Amino acid sequence: MKKLLLIVNPKSGRAKMRSELLAVTEILSSKYDVTVYITKCRADATERVKRTEENEFDLIVVCGGDGTLNEVITGLMLSGKNTRVGYIPSGTLNEWSSGLGISRNIETAAKDILDGKKIDLDIGKFGDKYFSYTASFGAFTDASYSAPQDIKNVLGQAAYFFEGIKSLANIKPLHLKFEADGKIYEGDYLFGAISNSMSVGGIVKFDKAAVELDDGIFEILLISKPANIAKLQGIIDGILKKDLNRDGIDFFHAKSVTVYDSNGIPWTLDGEFCEGAEKTVAENLHSALHLIIPNNEEKNA
């Protein structure tokens, strides 16, 4: 029988996996010999993946939020392993998985892994760290790691918005320079994201025609400091309507991006804090992640 490593973060989201673990294990055990690992602290999932022997497991399934998935991906990238990954989202936001059609129902997501199909997705490398869907800075980006876990558990996605609103009074523009595929972008920015996702922070959503998750190219969004309230309203209106051709908004695609920042501002990678540096290179690792997603074609048949 094939072997599966089930990595579980028992604290993610509303701690749903505490009551669902037995059901998930029984579902996956119908086709795999399952080894369960419960994470104990931050970066524990990364270390567990790094300790696996080559070809020890045919599949690694992550039960947790986007941060736990990031840790598993980081372990795979650092160790050079090509093990396939399944994702059972049990976090608060689960932003990335929703764009891939992965169910938020834990048992449904587990069943979908058994009959799912493999796709190859791009992974971002940000300096010496990795991200699956976004590296961002500025307004609202600290909400995901500054909101206490117990508040996230009670309020769910609303916790991110409350934390973001609290930061509005303290938003200061950040002067940054970006070099992307030979072009220079420099200015005072309120927000920026290097992403491979249909949305960022649950607030900024891209048109489906503008994003491919397996094309080896990032989507980069930069929002400049507006000169007045009217221009700020135009930016907000553009974001809500997915019209990124507005004054104050730069939206472009690139295979790699070099960020120059003399102040070392903080970033978030998949919702987790990342300390900035004076110079950071973000690279797109084309088709680096082998992910199992629901086989909707089979279901419809």
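Residues numbered from 1 in each chain as written. Predicted model: local features only at pLDDT ≥ 70, side-chain atom pairs only at ≥ 80, totals over all residues. Heavy atoms only, no water.

Draft legend 1. Main features of the overall build of the protein chain. In terms of helices and strands, the protein chain carries 10 helices and 17 strands. Counting all 301 residues of the protein chain, 50% fall into the buried class. Taking all contacts inside the protein chain whose residues are at least 6 apart in sequence as the whole, residues at least 24 apart take part in 72%. (Helix = DSSP H or I, 4+ residues; strand = E, 2+ residues; numbered from the N terminus. Buried < 20%, exposed > 50% of the residue type's maximum accessible area, 1.4 Å probe, protein only. Contact = heavy atoms within 4.5 Å.)

Draft legend 2. Expanded view of the packing of helix α1 (residues 17-28) against helix α5 (residues 106-114). Where α1 meets α5, the axes come as close as 9 Å, and the angle between the chain directions of the two elements is 25 degrees. If you check the angle between α1 and α5, you find them roughly parallel. Regarding α1 and α5, the two cross each other, and that crossing is right-handed. Contact with α1, carried on its side by M17, E20, A23, V24, I27 and L28, involves I106, E107, A110, K111 and L114 of α5 and no other residues of that element. Residues of the contact of α1 with α5, tallied by class, amount to eight nonpolar, no polar and three charged. (Axes fitted to C-alpha atoms, helices over the stretch in contact; angles between N-to-C directions. Parallel < 35°, antiparallel > 145°, perpendicular 65-115°, else oblique. Left-handed = near helix turned anticlockwise from the far one by under 90°. Nonpolar A, V, L, I, M, F, W, Y, C, P; charged D, E, K, R; others polar.)

Draft legend 3. Representation of the side chain of S197. Relative to the assigned elements, S197 resides in the loop between β9 (183-195) and β10 (199-200). Sequence-distant contacts of S197, that is, excluding residues within four places in its chain, are made with W96, Y133, F206, V211, L213 and E219.

Draft legend 4. Representation of a positive patch on the surface in the model. The grouping of R104, K205, K208 and K242 at the surface amounts to a positive patch. Inspection of the secondary structure assignment puts K242 in the loop between α9 (229-240) and β13 (249-254). (Patch = residues over 30% accessible without salt bridge, like charges linked within 9 Å, V, L, I, M, F, W, Y side chains within 5 Å. Areas by Shrake-Rupley, 256 points an atom, 1.4 Å probe, with all protein chains shown as cover. Salt bridge = Lys/Arg side-chain N within 4 Å of Asp/Glu carboxyl O. Lys, Arg positive; Asp, Glu negative; His and termini not counted. Charge placed at Lys NZ, Arg CZ, Asp CG, Glu CD.)

Draft legend 5. View of the nonpolar core. L6, V24, L28, I88 and W96 are the most contacted members of the largest nonpolar core, which has 57 residues in total. Leaving out residues up to four positions away in the same chain, V24 has contacts with L6, M17, C63, I88, I106 and A110. Core analysis: the next-biggest nonpolar cluster, separate from the first, contains 22 residues, F178, Y185, F218 and W267 among them. (Core = buried A, V, L, I, M, F, W, Y, C linked by side-chain atoms within 4.5 Å.)

Draft legend 6. The arrangement of the pairing of strand β8 (residues 174-180) in detail. Note: β8 against β9, seven bridges, orientation antiparallel. Bridge pairing links F178 to Y185 in β9. Connecting the antiparallel pair β8 and β9 is a turn made up of two residues, with D181 showing a positive phi of about 50 degrees. Two strands pair when backbone bridges link them, and β8 and strand β14 (residues 256-260) are joined in this way by four bridges, in the antiparallel orientation. Across the sheet, residue K177 finds its bridge partner in β14, namely Y260. (Pairing = 2+ DSSP bridges.)

Draft legend 7. A look at the environment of K50. Here K50 shows up in helix α2 (residues 44-51). In the structure, K50 is positioned 26 residues away from L76 in sequence and 6.8 Å away in space, judged by C-alpha atoms. Non-local contacts of K50, meaning those with residues more than four positions away in its chain, are made with G75, L78, S79 and K81.

Draft legend 8. Molecular detail of the pattern of salt bridges. Here the structure, examined in full by the defined rule, presents seven salt bridges. Note that D115 is salt-bridged to K31, the shortest N-O span being 3.1 Å. Pair noted here: D115 is in the loop between α5 and β5 (117-126) and K31 is in the loop between α1 and β2 (32-38), with a separation of 84 residues, a long-range link. Given a relative accessible area of 38%, D115 falls into the partly exposed group. According to the relative accessible area criterion, K31 is partly exposed, its value standing at 41%. Several salt bridges converge on common partners, so that one network encompasses D237, K241, D243 and R246.

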